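# Structural overview
Chain by chain, the residues run as shown.
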Amino acid sequence: MPDAQPHRFRAMGTDVEVIVVDGPDGAAEGVEARIEDLEARWSRFRPDSEVSRLNRAAGTTAVVSLETFRLVQRAVDAWALTEHRFDPSVLPALEAAGYDRSFDEMPAEVPGAWRTTGPAPGCAGIRLDPVVRAVTLPPDVRLDLGGIGKGYAADLVASELRDEGAAGVCVNLGGDVHAWGVPPDRAPSWVVAIEDPTGRHDLGDLALAAGGVATSTRLRRAWRRDGRPSHHLLDPATGQPAFEGLASVTVLAAETWWAEVLAKAAFVAGPRAGAALLARHGVTGLFVLDDDRVVELPGLGAFRPADEHASD
């Protein structure tokens, strides 16, 4: 019998929903344990995580698990492919801005004077050895993998469920969604709502046979420090929060980690350069601008459900 009831829990600092169709017994519950395992490996807020251990070992070589090695590898590739607009080495700047603890523990006004760290050091000096899963960070580099980890976790658990024989799966980690295979009730496609963090627009749905959707916004993980507004989407070129005219960016791509990376890179780039970046990588999406305009990028209409086309 299909196991298509949503299984909801909280992990990676966000709400998670998992739907598994015709999967093994307890498959959705197993996803919860798997995501909690990945969080324990990747959270920068846990001193015993692999990422924390890797950061403490900067300047020397650390051997990590396969999952962590592949995540770091993707993050370094993303840095190059986005022309450094996605940069996991912004961790010191995030901490200087006040994001030095789990967001659930942060006050709306972070005490202390505003500090600046300047441009992020970047990923050029990171050395990766896939044979032994070794990562060597330069002495001045520490990584925050939160900007890619949720997307990769969604991809990873969806792939594992497929290998275990599930007919279909949808994993939603706080708006980073991976859908694949047969939807519940044998519907023609998975239907994913586009998030509007401003709460002012009905942005409609996307119809997916398979793929990833991710939204990045400055409106959720936001706070003030020294009277100045701040948020977690930093411009690596300055080490400062990006305010380039965008409230949120939604990207649709083949894999969720890549959608998540490109959404953040486009947000940092701003509307014009961000749209050009997404076009160069052959993906589509949607922008909500600070002036409340909604911009649908070319190609998004092909992913609208039939009933939305009919109402246009």
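Thresholds applied
Note that residues are indexed from 1 along each chain, following the sequence as it is written. Only residues with pLDDT of at least 70 get local features here, since the model is predicted, and only at 80 or more are side-chain atom pairs given and counted; chain-wide, interface and lining totals rely on the full set of residues. In computing side-chain properties, one takes all heavy atoms of the structure into account and sets aside hydrogens as well as water. Exposed residues in this analysis have more than 50% of their type's maximum accessible area, buried residues have under 20%, and partly exposed residues fall in between, with area computed by a 1.4 Å probe over protein chains only. By definition, any uninterrupted DSSP run of H or I lasting at least four residues is a helix, any uninterrupted run of E lasting at least two residues is a strand, and each is numbered from the N terminus. Between any two strands, at least two bridges found by DSSP are needed for them to pair. Under the pairing criterion, centres of Phe, Tyr and Trp rings, with the six-membered ring standing for Trp, must be within 6.5 Å; the plane angle then separates stacked pairs below 30 degrees from edge-to-face pairs above 60, leaving the rest tilted. Any Lys NZ or Arg CZ that is within 6 Å of a ring centre and within 35 degrees of that ring's normal is treated as a charge sitting over the ring. Whenever two N or O atoms come within 3.5 Å, that pair is a polar contact, provided that in protein one can donate a hydrogen and the other can accept it, and provided that, for residues adjacent in sequence, both atoms are side-chain atoms. Here, residues are in contact when the closest pair of their heavy atoms is within 4.5 Å.

As a further point, take the pairing of strand β7 (residues 168–173). On a regular strand, each side chain points to the face opposite its neighbour's, so the side chains alternate between the two faces of the sheet. In terms of burial, β7 is largely enclosed, as five of its six residues are buried. As defined by bridge partners, strand β2 (residues 14–21) adjoins β7 across six bridges and the pair is classed as antiparallel. By the bridge assignment for β7, isoleucine 19 is matched with cysteine 170. Linkage of β7 to strand β8 (residues 176–181), two consecutive antiparallel strands, is achieved through a turn of two residues, within which glycine 174 is found at a positive phi near 60°.

Geometry of an aromatic ring pair is reported as the spacing of the ring centres plus the angle between the planes. On inspection of all chains with the given rule, the structure shows six aromatic pairs. For the pair tryptophan 42 and tyrosine 152, a centre-to-centre distance of 5.9 Å together with 25° between the ring planes defines the contact as stacked. Of this pair, tryptophan 42 sits in helix α1 (residues 27–42) while tyrosine 152 sits in helix α5 (residues 146–163), placing them 110 residues apart in sequence. A cation over an aromatic ring shows up here: arginine 162 above the ring of tryptophan 180, its NZ or CZ 5.6 Å from the ring centre.

Strand order in the open sheet made by the three strands is β4-β12-β13, with mixed pairing throughout. Since the sheet does not close on itself, it has two edges, and those belong to β4 (109–110) and β13 (228–231), each with one partner. Of the pairings in the sheet, the one linking β4 to strand β12 (residues 222–225) comprises two bridges and is parallel in character. Residue pairing for β12: glutamate 109 is matched across the bridge by arginine 224.

For the rest of this paragraph, the subject is the side chain of threonine 284. Inspection of the secondary structure assignment puts threonine 284 in strand β17 (residues 284–289). A polar atom in the side chain of threonine 284 sits 3.3 Å from the backbone oxygen of leucine 297.

Let us look at the environment of alanine 207. In this structure, alanine 207 sits in strand β10 (residues 205–208). For alanine 207, a relative accessible area of 18% gives the class buried. Along the backbone, alanine 207 and leucine 156 are 51 residues apart, and their C-alpha atoms lie at a distance of 21 Å. If sequence neighbours within four positions are ignored, alanine 207 has contacts with Ser189, Trp190, Phe303, Arg304 and Pro305.

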